Structures are given as structure tokens and as C-alpha cells.
Amino acid sequence: MFILWEEPKRNKSIGKSEWEIVKKQWKNRCAVCSKTEKSVGILHKAHIKARSKGGSQYIPLCPTCHYRYDHHQLNSTELSRIGLTKEQYKRVTPRKKKKETGFLW
Ligand SMILES: [Zn+2]
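Conventions adopted
Residues numbered from 1 in each chain as written. Predicted model: local features only at pLDDT ≥ 70, side-chain atom pairs only at ≥ 80, totals over all residues. Helix = DSSP H or I, 4+ residues; strand = E, 2+ residues; numbered from the N terminus. Buried ≥ 20, exposed ≤ 12 C-beta atoms within 10 Å, placed from the backbone. pLDDT = per-residue confidence, 0-100. Core = buried A, V, L, I, M, F, W, Y, C linked by C-beta atoms within 7 Å.

Helix and strand counts for the chain come out as five helices and two strands. Counting all 105 residues of the chain, 17% fall into the buried class.

Shown next, in the form of C-alpha cells:
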């Protein structure tokens, strides 16, 4: 069921120490479901663009929520936790699609 999501190395994202700070801000929990990193195994670095939270930023998401985020399965309550509205969510859809997962909407 799970699709393991690996970040490409070339992706210029935040550094390890910066990421640790981000996770600390979220108390090492998934930003959406609040599960701890320990309970989910790993928290993914998810890139979101939320104007209400100061633009482009990284948030920790558990593998389940990250998958749901990427496939537009988050509801508005969950979106509000990460500072996104439904309208914004529509716009933040990753450009890459289909190829990666074969998932059809
Ligand atoms: Zn989660």
C-alpha cells in the first residue's frame, strides 16, 4: 500500500540541522495527524507553500499523510493544521503526476 518516497539528492532542500529545527517546532510529530516520529518510523520533509505561514516552507509529515497530501486526500480540517486552505491546496499540487505512481484521478 505504501509508496516509499525518497527525496532526490539533487533537490536543494533544507539542511539536516535546519530540518531538525523544523521537526522540533512540530514536537517531532506529523503536522497533520500529530503522530510522533517514533510511532510512524520516519517523518517526511514535505514542501508546502502556505502564504498564511510565511510562504514556502517545510513541514514534517508521516508517510501516510504525505501520501494523502500528494494525492489530494486531506480534508479542510487537516489542511488548516498546516496553514492551507482548500483553494491554496489546489494550487500547490505538484506538477509531477501520473508517471510516478500510475495513480489516476
Ligand atoms: Zn500524519
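So that's the structure; there's more coming.
Glancing now at helix 1 (residues 16-25). Where burial is concerned, little of helix 1 is hidden: zero out of the 10 residues are buried. Positive backbone phi, approximately 60 degrees, marks K27, located one or two places after helix 1.

So, on to the confidence of the model for the chain. Overall, the predicted model of the chain reaches an average pLDDT of 81, with 70% of residues at or above 70. The lowest-confidence element of the chain is strand 1 (residues 44-50), averaging 82 in pLDDT; the highest-confidence one is helix 2 (residues 37-40), averaging 97.

Further remarks concern the nonpolar core. Judged by nonpolar contacts, the single largest core of 14 residues is most densely connected at C30, A31, V32, I59, L61, C65 and I82. Breaking this core down by element, the ones donating at least two residues are strand 1, strand 2 (55-61) and helix 3 (63-70).

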